[in-house]
Amino acid sequence: MNKTIASLIVATTLFSGSALASVNQGLNLIVTPQKGGAWVTVEKDGAPQAGLDVTVKGGQKQHYTTSESGRVFVYSSFEAARSMTFEVSDEDGTTVSTQRFISSNRS
């Protein structure tokens, strides 16, 4: 019984570690919607990426540049809530995009 439990714990730990390792590899675009905009974080292999151009599509095209922490706040200029597409490319030409729903900027 104890060997079975120990084997399950070891297998779970190994699987979790490999799953987490694959999440942090490559270029990641993390979008956290907020009222009137969204925080965008860009990481590559788990490290923040400064100076990358983040393009936002959702009616009109907007461009923002990530800070030293790999983050930028993207403002929504629309009164109504809508989906927006966020896209970033690194210096290697790797492009990642994602779409998020952004609530309106009304109070």
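Residues numbered from 1 in each chain as written. Predicted model: local features only at pLDDT ≥ 70, side-chain atom pairs only at ≥ 80, totals over all residues. Heavy atoms only, no water.

Asks: A description of the sheet that holds strand S4 (residues 53–57) should follow, citing residues and the corresponding values.
Replies: Taken in spatial order, the four strands make up an open sheet running S5-S4-S7-S8, and their pairing is antiparallel. Pairing within the sheet leaves two strands with one partner each, and these edge strands are strand S5 (62–65) and strand S8 (95–102). Neighbour to neighbour, the strand axes of the sheet diverge by 25° on average, direction disregarded. Note: S4 against S5, four bridges, orientation antiparallel. (Pairing = 2+ DSSP bridges. Helix = DSSP H or I, 4+ residues; strand = E, 2+ residues; numbered from the N terminus. Axes fitted to C-alpha atoms, helices over the stretch in contact; angles between N-to-C directions.)

Asks: Report on the pattern of salt bridges, specifying residues and quantitative values.
Replies: Here the structure, examined in full by the defined rule, presents three salt bridges. Among the ionic pairs, Asp-92 bridges to Lys-44, the shortest N-O distance being 2.6 Å. Of this pair, Asp-92 sits in the loop between strand S7 (82–89) and S8 while Lys-44 is found in strand S2 (residues 37–44), placing the two residues 48 residues apart along the sequence. Accessibility expressed as a relative area gives 58% for Asp-92, which makes it exposed. A salt bridge links Glu-87 to Lys-57, with the shortest nitrogen-to-oxygen separation between them at 3.5 Å. Separated by 30 residues along the polypeptide, Glu-87 in strand S7 and Lys-57 in strand S4 bring together distant segments of the chain. The class for Glu-87 is partly exposed, based on a relative accessible area of 24%. Three or more residues are tied together by salt bridges with common partners; here these are Lys-44, Asp-90 and Asp-92. (Salt bridge = Lys/Arg side-chain N within 4 Å of Asp/Glu carboxyl O. Buried < 20%, exposed > 50% of the residue type's maximum accessible area, 1.4 Å probe, protein only.)

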